[in-house]
Amino acid sequence: MSKTPTDLSVIRLRHPLKARRLQVRNIVTVTPKMLSVTFYSADLADFVSASFDDHIKLFFPADGQPIMPEASADGLRFPDGVERPVARDYTPRRYRQNENELDIDFLLHGDGPASNWVSQAQAGDVLIAAGPRGSFIIPDTYDWQMMIGDETALPAITRRLEEAPEGKHIYVIALVHDASERQIVKTHANVHIQWVYRHASDAVKLHTDPLLTAVTEIKWPSGQGYIWGAGESAQMRELQRHLSEDRGVDTSRMRISNYWKQHA
Ligand SMILES: Cc1cc2nc3c(=O)[nH]c(=O)nc-3n(C[C@H](O)[C@H](O)[C@H](O)COP(=O)(O)OP(=O)(O)OC[C@H]3O[C@@H](n4cnc5c(N)ncnc54)[C@H](O)[C@@H]3O)c2cc1C
């Protein structure tokens, strides 16, 4: 039976804005470049994250001292005379309500307030987090879902694979540094995953983009599908162009997000 447009409509939810004080409870090395940080907080009792696509803002004050903002009608307000700390977006990877625990997976990409913070983080350290402000929910009525992205998209992708219903067809194309960055995920879904490597010799020799090459070569599944992608902004722009212009994918059937920007 063919599906009506309503069956396939995405759902957008809004959540009340709240800042929370999170304390590092544990840090686990997932892969050489990915650390999973478990945060604990009584503030997490009413935390809501309804979609793998959600994000929260983490604040990194220059002097390392966490400053609690107030939620106001205009957003978060920091105390007068206090410089607004640098904020970065991260995916709520796993939330355990009974334990008031939240896991966030951080990529160690090099130099930046977030990457530097996590490379030195220890149990007991405190961070302020705000959000998620909203959730974008892709219904499970699609015949299949495709997820395309780099390391920064992996927390969302692996969360989706863990949460997906039994037998759901999910195609993943994931760009990572090398084979040591592959992750193993427990899932009940029917998953087809293709890992591609940033430094694969062919891509380096030919100056091609290994992620986009993999996408252009994929055999397209039949039926109604939804494509989710996230990663570096120029790469995501080209991915969106390819999907809409070369493949004819309607914008209502994809969500492609810029998760970071390569600086020269
Ligand atoms: C909605 C959303 C969800 C996200 N979820 C996650 C997540 O769960 N886990 C995660 O690790 N990241 C995630 N990101 C990406 C993360 O926010 C960015 O990588 C961010 O720039 C890291 O901040 P930073 O302070 O470490 O570096 P920045 O100060 O932002 O950048 C410093 C330098 O590092 C470079 N850089 C930044 N990110 C990368 C990268 N990934 N690879 C290589 N170079 C980089 C920049 O080009 C710049 O030259 C998410 C982003 C968004 C928008």
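Residues numbered from 1 in each chain as written. Predicted model: local features only at pLDDT ≥ 70, side-chain atom pairs only at ≥ 80, totals over all residues. Heavy atoms only, no water.

## Considering helix H5 (residues 233-246)
Owing to its 3.6 residues per turn, the α-helix brings residues three or four apart onto one side. Note the cut-off: Secondary structure elements are taken from DSSP: a helix is a run of H or I of four residues or more, a strand is a run of E of two residues or more, and numbering for both begins at the N terminus. Helices are assigned an expected span. That span is 1.5 Å times one less than the residue count. Using a 1.4 Å probe on the protein chains alone, a residue whose accessible area is under 20% of its type maximum counts as buried, one over 50% counts as exposed, and one in between counts as partly exposed. Residues are treated as being in contact if the distance between any of their heavy atoms lies within 4.5 Å. Under the rule applied, a polar contact is a pair of N or O atoms within 3.5 Å (in protein, one hydrogen donor and one hydrogen acceptor; residues adjacent in sequence only if both atoms are side-chain atoms).
Taking 1.5 Å per residue, 14 residues should reach 20 Å; H5 reaches 19 Å between its end C-alpha atoms and fits that length. Those residues of H5 lying buried are Ser233, Gln235, Met236, Leu239, His242 and Leu243. Residues of H5 that are buried in the fold lie against strand S12 (144-149), strand S13 (169-176), helix H4 (210-217), strand S15 (225-232) and strand S16 (254-260). N-cap assignment for H5: the residue whose side-chain oxygen lies 2.9 Å from the backbone N of Ala234 is Glu232.

## What about empty space enclosed by the protein?
Rules: Buriedness for pockets is judged along seven lines, at least five of which must meet protein on both sides within 12 Å for an open set on the 1 Å grid over protein atoms alone, while cavities are sets there where a 1.4 Å probe fits but cannot get out, and lining residues have an atom within 4 Å of a point. Grid points are joined across faces, edges and corners, and a volume is the space filled by probe spheres set on the points. Three classes are used, and their members are as follows: Ala, Val, Leu, Ile, Met, Phe, Trp, Tyr, Cys and Pro are nonpolar, Asp, Glu, Lys and Arg are charged, and the others, Gly among them, are polar.
Here the structure, examined in full by the defined rule, presents one cavity of 30 Å³ or more. Each pocket or cavity is described by its volume, and for the largest cavity that value is around 30 Å³. Surrounding the largest cavity, Arg20, Leu22, Leu44, Phe47, Ile56, Leu102, Ala129, Ala130 and Gly131 form its lining. Elements supplying a minimum of two residues to the lining of the largest cavity: strand S2 (19-31) and strand S10 (126-130). Partitioned by chemical class, the residues of the lining of the largest cavity number seven nonpolar, one polar and one charged.

## Describing the pattern of salt bridges
Formally: Put simply, a salt bridge is a Lys or Arg side-chain nitrogen that is within 4 Å of an Asp or Glu carboxyl oxygen.
Overall, the coordinates contain 17 salt bridges when judged by the stated rule. Two residues, Arg255 and Asp53, come together in a salt bridge whose shortest N-O distance is 3.0 Å. Here the residue Arg255 occupies a position in strand S16, and Asp53 occupies one in the loop between strand S3 (34-40) and strand S4 (56-60), the gap between them amounting to 202 residues. We classify Asp53 as buried; its relative accessible area is 7%. Where Asp103 meets Arg96, a salt bridge forms, and the shortest distance between an N and an O atom there is 2.8 Å. A relative accessible area of 3% means that Asp103 is categorised as buried.

## So, the packing of H4 against H5
Inclusion rule: Simply put, an axis is a line fit to the C-alpha atoms, just over the touching stretch for a helix, and the angle between two N-to-C directions goes from 0 to 180 degrees. Here the word oblique covers every angle except those under 35 degrees (roughly parallel), over 145 (roughly antiparallel) and from 65 to 115 (roughly perpendicular). A clockwise turn of the near helix away from the far one marks a right-handed crossing, whereas an anticlockwise turn of less than a right angle marks a left-handed crossing.
Put simply, H4 and H5 touch, their axes get as near as 10 Å, and they point 15 degrees apart. Put simply, H4 runs roughly parallel to H5. As H4 packs across H5, the resulting crossing turns out to be right-handed. Facing H4, whose interface residues are Leu211, Leu212, Val215 and Thr216, H5 presents Gln235, Met236, Glu238, Leu239, His242 and Leu243. In the contact of H4 with H5, the residues fall into six nonpolar, three polar and one charged.

## Description of the packing of aromatic side chains
The condition that has to hold: Pairing of aromatic side chains requires ring centres within 6.5 Å, counting the rings of Phe and Tyr and the six-membered ring of Trp. Pairs whose planes differ by under 30 degrees are stacked, by over 60 edge-to-face, and all others tilted.
For the structure on display, the rule yields 11 aromatic pairs. Pairing Phe47 with Tyr95 gives two aromatic rings, centres 5.0 Å apart and planes at 65 degrees, and the pair type is edge-to-face. Residue Phe47 is found in the loop between S3 and S4, and its partner Tyr95 is found in strand S8 (residues 94-96); the two are separated by 48 residues along the sequence. Assessed through its relative accessible area of 24%, Tyr95 is described here as partly exposed. Relative to Tyr259, the ring of Trp228 has its centre 6.3 Å away and its plane inclined at 80 degrees; by these criteria the two rings are edge-to-face.

## Here we look at the sheet that holds S13
Just so we agree on the cut-off: Being paired, for any two strands, means DSSP has found at least two bridges between them.
Taken together, five strands build an open sheet; the order of strands is S14-S13-S12-S15-S16 and the sheet is parallel. Here the strands that pair on one side only, and so sit at the sheet edges, are strand S14 (190-197) and S16. Strand-to-strand, the axes of this sheet are offset by a mean angle of 10 degrees, without reference to chain direction. When S12 meets S15, the two strands line up parallel, connected through six bridges. Directly across from Met147, in S15, lies its bridge partner Trp228. Relative to the sheet, helix H2 (residues 154-163) contacts S12, S13, S14 and S15, its axis offset from that of S13 by approximately 155 degrees.

Any functional reading would require information beyond the geometric quantities listed.
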